[in-house]
Amino acid sequence: MRILNFWHLLSAAALASAAHLPPRNYNTHDYYAIHLSPSTSPSELAAHLGLTYDGPLGSLVDHHLFKAPKHANDIVDDARQELKRRRRKREAGPEPHTLDSIQFTQKQKIKPRHVKRSVIPKDPQGVASPKAAIQLQRQIANTLEIKDPIFEEQWHIFNVKDTGNDLNVTDVWLSGITGKGATACIVDDGLDFESEDLKDNFYAQGSYDFNDHTDLPRPKLSDDRHGTRCAGEVAAGRNNACGVGIAYDAKISGVRILSGDITDADEALAINYDLQNNDIYSCSWGPPDDGKTMQKPGILIEKAMVTAVQKGRGGKGSIYVFAAGNGAAADDNCNFDGYTNSIYSITVGAIDKNNVHPYYSEACSAQLVVTYSSGGGDAIHTTDVGANTCTSQHGGTSAAGPIAVGTYALVLSARPELTWRDMQWLTVMTAVPFDQPSDWNKTSLGKMFSHQFGYGKLDAYAIVEAAKTWELVKPQAWFYSPWMHVKKPIPQGDQGLASVFEVTEEMLKKANFERVEHITLTMNIQHQRRGDLSVDLISPDGYVSHLSTARRDDEAAIGYEDWTFMSVAHWGEKGIGKWTVVVKDVKVNDKTGSFTDWKLRLWGESIDAEKAKLRPLPDEHDDDDHDVVDNHPAHTTSVVVPTATGAPGEKPSDHPDRPVNQKPSAATSSVSTTPASPTADASATASSAPENFLPSPFPTFGVSKRTQIWIYGALGLILIFCGSLAVYLYLARRKRLQSTRDNYEFEMLDDAEDDEGGARTGMLSNAAGGKKGKRARRGGELYDAFAGESDEDLLSDSGDEGPYRDREERDYNEKAGINEDSDTGGSSSSASSAGKRQ
Ligand SMILES: *[C@@H]1O[C@H](CO)[C@@H](O)[C@H](O)[C@H]1NC(C)=O
Ligand SMILES: *[C@@H]1O[C@H](CO)[C@@H](O)[C@H](O)[C@H]1NC(C)=O
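Here's what I pulled together on the structure shown here. (Residues numbered from 1 in each chain as written. Chains lettered and ligands numbered in written order. Predicted model: local features only at pLDDT ≥ 70, side-chain atom pairs only at ≥ 80, totals over all residues. Heavy atoms only, no water.)

Quick word on the overall build of the protein chain
- Broken down by element type, the protein chain carries 19 helices and 27 strands.
- By the burial criterion, 60% of the 838 residues in the protein chain qualify as buried.
- Put simply, 79% of the contacts in the protein chain that link residues at least 6 apart link residues at least 24 apart.
- Of the roughly 31,100 Å² of accessible surface on the protein chain, 53% is carried by carbon and sulfur atoms. (Helix = DSSP H or I, 4+ residues; strand = E, 2+ residues; numbered from the N terminus. Buried < 20%, exposed > 50% of the residue type's maximum accessible area, 1.4 Å probe, protein only. Contact = heavy atoms within 4.5 Å. Areas by Shrake-Rupley, 256 points an atom, 1.4 Å probe, with all protein chains shown as cover.)

Structure (structure tokens):
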């Protein structure tokens, strides 16, 4: 009884925080998300600034939402600048001011629309099915009392044509596990909670409409079908309507965000909605999959994800499932999408009913698993909007994600105490590799991994069985390398520019780090054509992650700016030894660039659970410490990394670690394989400790004196080069910091540039835009790296506002004439299926 009350209170509190914010109106008001010191009352701040206090920002601790009538300026930031000006002129004293309690502030912008990740296939092909399989299917349906009219069409559940090409879920149901006790939230364009197929499982309290600010996520636009279709895959009831969901006794809620304007604050609220009761968030959308977008969630959304894995589900962590993306035919790669490459999300790609890779499903080193979707002449048959309406046209990675969501609901139903990382572990351990040509290779854990298929296809029976006896992993630990400064031109063609960081046993011990789960690599590259770049990471065990691959349409004249790539391919490695990053400029042309710096982060299991800490919430300056670190030149070497291709089990011909083409030249300053001893001094940099290591005594590199003399000569030159580059980068970085972070140095420089800067400030009021604009200006004085960029280029940063790109996928596919597998490219959402409704 008491427990019940406790949960009741908890969920009531969660509800109050999000649903009880007054509806936003972006036509009349500006909204500010502000992180305040806990000692300051939001109403006091509101009174001071003439804002209206709307309420706490969902589950984000000490974050609040304020509004003010629409105004061109950022009035919060203006007030802070004014206070600084007055302090500088001694018109105001240094004593604490209400404004000093602002830890973070962000005026909310309307986001570019996310794109739904579906593809419309053609009508099913008629192929005769084996009689025995049909009989077995009927027998199962009888035993389970499944009378749903399209159950027999739901090949992803039980495939009678190609036996085995399905989720392998019916024996899970027969064992009594059908999703009871688990709740999945479909974050999408609505959910038809009045549908016969969904109404019994619908969970209203976990639902909300962030587009129209109403409690129920009713689909309203003509193409608001996507969310309902996804919901049907997860938890359509066992009844007389359409088919069944994978977890047909689970609860299903809907949060509507894709059908109108939202801001980062709305999206943060949406993905934390009813955090204690929505166990799994199903996200079949993302930035445009056009092969040229590189976009990550804003800082509030990142904070929301970290909050969810730390506090959601009573501290066990919410499960995020993201569709990998449909841009494969446009060379897109899920590592260019900051949602799919987050360590907190499970990225799910698609295979078709023949276990073949469908043309649309993106590959990347961050992809954990695949499951069934459209292609090969059929698609996913599921519920549609309407009282008893079905579709046979659900497809794309959009349709794969929710099948995983349903499977995870079954897993949680069997074993509710699993943490978010246990779910990822179980996926890695039980996914089933299959016989399709790809870059399969055996990982240190003894599992096959392919960038195209992750660890293989989900098997519901295998994962639920494994979950029953799974020993929970110890809490998360992490190890951060220092920033590795490379600052060298990238050679064109096959040859790469490599940089090495060696992780020692001591470093990991100190970080309480036992074994790797995710690795992330944050890097800066300046380049005149981003699409020409590729990045590989070679682990101490020799496994090669293709972190980034070339994209033919990505013309952006910027390289990578503090972009974080992720890989799950090193799961289970110890992490000790040399990590080598190899950057290539694969196109020989006049577009060149240089590799600035990188930072490796290992995320994994702790050694001692008692000593584990919670990761602090990310903040916008997390990656701004490049130049705080000594600008020690990283050792670099030119290597050719063999690309793994071929069938499962095929051995790569060359050991990738072997450096070839060592061509010492002034241009690339290449140095042959080197122990990365200088960096070994970074042992003190574990976790979030400040990184101020000193260069070690000069190493011998284990080579002859003559070679050493050569090496040190070369190093001398590099040092001189890097020295001057460092000065430039330091200034540029400082400039960049100043435009986003408030400090007193800002004032000094700002004064000097007031005339020039004044006019632009309004335009560049958003953090990212301001950052780039200012840096470019300063950079231009010292270094011509940004020559030729117009303001427009500078403003079109990833993560910035662009034109709306809803439904862009279809346009793209039509233009590209994609018509493989007899599917017609297209976004599900657009009406299309009208003719197909049953
Ligand atoms: C599929 O489920 C059956 C039980 O129905 C099980 O015996 C089999 O091992 C499962 N497949 C895999 C790959 O685990
Ligand atoms: C395949 O994996 C093994 C060890 O796991 C490694 O030695 C080899 O280099 C890998 N090949 C590629 C191309 O990743």
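Description of the packing of aromatic side chains
- Going through the model one piece at a time under the given rule, you end up with 26 aromatic pairs.
- Residues Trp 478 and Trp 603 carry aromatic rings whose centres are separated by 6.1 Å and whose planes lie at 45° to one another, so their mutual orientation is tilted. Here Trp 478 is found in strand S18 (residues 476–480), whereas its partner Trp 603 is found in strand S26 (residues 593–606), with 125 residues between them in sequence.
- A relative accessible area of 5% means that Trp 478 is categorised as buried.
- Accessibility expressed as a relative area gives 3% for Trp 603, which makes it buried.
- An aromatic cluster of three or more residues is present, and its members are Tyr 208, Phe 210 and Tyr 273.
- The positively charged end of Lys 353 is found above the aromatic ring belonging to Trp 155, 5.7 Å away from the centroid.
- When the ring centre of Tyr 480 is taken as reference, the NZ or CZ atom of Arg 601 above it lies at 4.6 Å. (Phe/Tyr/Trp six-rings, centres within 6.5 Å; stacked < 30°, edge-to-face > 60°. Lys NZ or Arg CZ within 6 Å of the ring centre and 35° of its normal.)

Describing the pattern of salt bridges
- Following the criterion strictly, the structure yields 37 salt bridges and no others.
- Among the salt bridges present, the one from Arg 225 reaches Asp 384, with a minimum N-O distance of 3.1 Å. Placement of Arg 225 in the loop between strand S7 (208–209) and helix H6 (226–235) and of Asp 384 in the loop between strand S14 (380–383) and strand S15 (390–394) is noted, with a sequence separation of 159 residues between them.
- Among the residues examined, Asp 384 registers a relative accessible area of 0% and is labelled buried. (Salt bridge = Lys/Arg side-chain N within 4 Å of Asp/Glu carboxyl O.)

Side note on the environment of Lys 587
- Assignment of secondary structure puts Lys 587 in the loop between strand S25 (577–585) and S26.
- For Lys 587 and Arg 529, which are 58 residues apart along the polypeptide, the C-alpha to C-alpha distance reads 9.7 Å.

Some thoughts on the packing of H6 against helix H9 (residues 397–414)
- Where H6 meets H9, the axes come as close as 8 Å, and the angle between the chain directions of the two elements is 35°. At the point where H6 passes H9, the crossing takes the right-handed sense. Residues His 226, Cys 230, Glu 233 and Val 234 of H6 form the contact with H9, whose participating residues are Ser 398, Ala 399, Pro 402, Ile 403, Val 405 and Gly 406.
- Here the residues of the contact of H6 with H9 are counted per class, giving six nonpolar, three polar and one charged. (Axes fitted to C-alpha atoms, helices over the stretch in contact; angles between N-to-C directions. Left-handed = near helix turned anticlockwise from the far one by under 90°. Nonpolar A, V, L, I, M, F, W, Y, C, P; charged D, E, K, R; others polar.)

What about the site of ligand 1?
- Surrounding ligand 1, one finds Asn 168, Asp 171, Val 432, Asp 459, Tyr 461 and Ala 462.
- In the environment of ligand 1, an oxygen atom lies 2.3 Å from a nitrogen or oxygen atom belonging to the side chain of Asp 171.
- With respect to ligand 1, the side chain of Asp 459 contributes an N or O atom lying 3.1 Å from a nitrogen atom.
- Burial of ligand 1 by the protein amounts to 54% of the accessible area it has alone, namely 360 Å². (Near = heavy atom within 4 Å. Polar contact = N/O pair within 3.5 Å; in protein donor to acceptor, adjacent residues only side chain to side chain.)

So, the pairing of strand S11 (residues 319–323)
- Among the five residues in S11, five count as buried, and that is most of the element.
- Alternating positions in S11 separate into two faces, Ile 319, Val 321 and Ala 323 on one and Tyr 320 and Phe 322 on the other, with burial throughout.
- Relative to S11, strand S9 (residues 280–283) is paired through four bridges, and the arrangement is parallel. Bridged to Ile 280 within S11 is Ile 319.
- Bridge count for S11 against strand S12 (residues 345–351) is four bridges, and the pairing is parallel. Across the sheet, Val 321 pairs through a bridge with Ile 346, a residue of S12. (Pairing = 2+ DSSP bridges.)

Remarks on the sheet that holds strand S4 (residues 102–107)
- Pairing is antiparallel across the open sheet formed by four strands, whose spatial order is S2-S3-S1-S4. Two strands bound the open sheet, and with one partner strand each, they are strand S2 (52–56) and S4. Neighbour to neighbour, the strand axes of the sheet diverge by 25° on average, direction disregarded.
- Direction of pairing for strand S1 (residues 29–36) relative to S4: antiparallel, over a ladder of five bridges. Within S4, the position partnered with Tyr 32 by the bridge is Lys 107.
- On top of the sheet, helix H2 (residues 42–49) reaches S1, S2, strand S3 (63–69) and S4; it is set at about 25° to S3, its chief contact.

Brief notes about the nonpolar core
- Counting residues in each nonpolar core, the largest one holds 129 residues, and the members touching the most others are Val 169, Trp 173, Ile 257, Ile 280, Ile 319, Tyr 408 and Leu 410.
- Examining the composition of this core, we find that ten residues originate from one element, H9, more than from any other.
- For Tyr 408, the residues in contact, after removing those within four places along its chain, are Ile 280, Ile 319, Val 321, Ile 346, Val 369, Met 423, Thr 427, Leu 458 and Ile 463.
- Judged by nonpolar contacts, the second largest core, of 33 residues, contains Val 503, Ala 511, Ile 519 and Trp 563. (Core = buried A, V, L, I, M, F, W, Y, C linked by side-chain atoms within 4.5 Å.)

Brief notes about the sheet that holds S12
- What the seven strands build is an open sheet, ordered S7-S8-S6-S9-S11-S12-S13; its pairing is parallel. Each of the sheet's edge strands pairs with one partner strand only, and the pair in question is S7 and strand S13 (369–372).
- The pairing of strand S6 (residues 183–188) with strand S8 (residues 251–256) spans six bridges and is parallel. Residue pairing across strands places Cys 185 opposite Ser 253, the latter belonging to S8.

So, the state of the cysteines
- For the structure shown, the criterion picks out two disulfides.
- Each sulfur in the disulfide pair Cys 242 and Cys 390 lies 2.1 Å from the other. Handedness here is read from the sign of the S-S torsion; for Cys 242 and Cys 390, about -100°, the answer is left-handed. With Cys 242 in the loop between H6 and S8 and Cys 390 in strand S15, the pair connects residues that are 148 residues apart, well separated along the chain.
- Under the relative-accessibility criterion, Cys 242 is labelled buried at 1%.
- The disulfide that involves Cys 334 links it to Cys 364, with 2.2 Å between the sulfurs. With the S-S dihedral at roughly -105°, the linkage between Cys 334 and Cys 364 falls on the left-handed side. One end of the pair, Cys 334, is in the loop between S11 and S12; the other, Cys 364, is in the loop between S12 and S13, with 30 residues separating them in the sequence.
- Exposure remark for Cys 334: the relative accessible area of 0% places this residue in the buried category.
- Residue Cys 364 is classed as buried on the basis of its relative accessible area, which comes to 1%.
- The cystine pairing of the protein chain, numbering bonded cysteines in sequence order, is 1-4, 2-3. (Disulfide = S-S within 2.5 Å.)

Taken by themselves, the reported measurements are silent on function.
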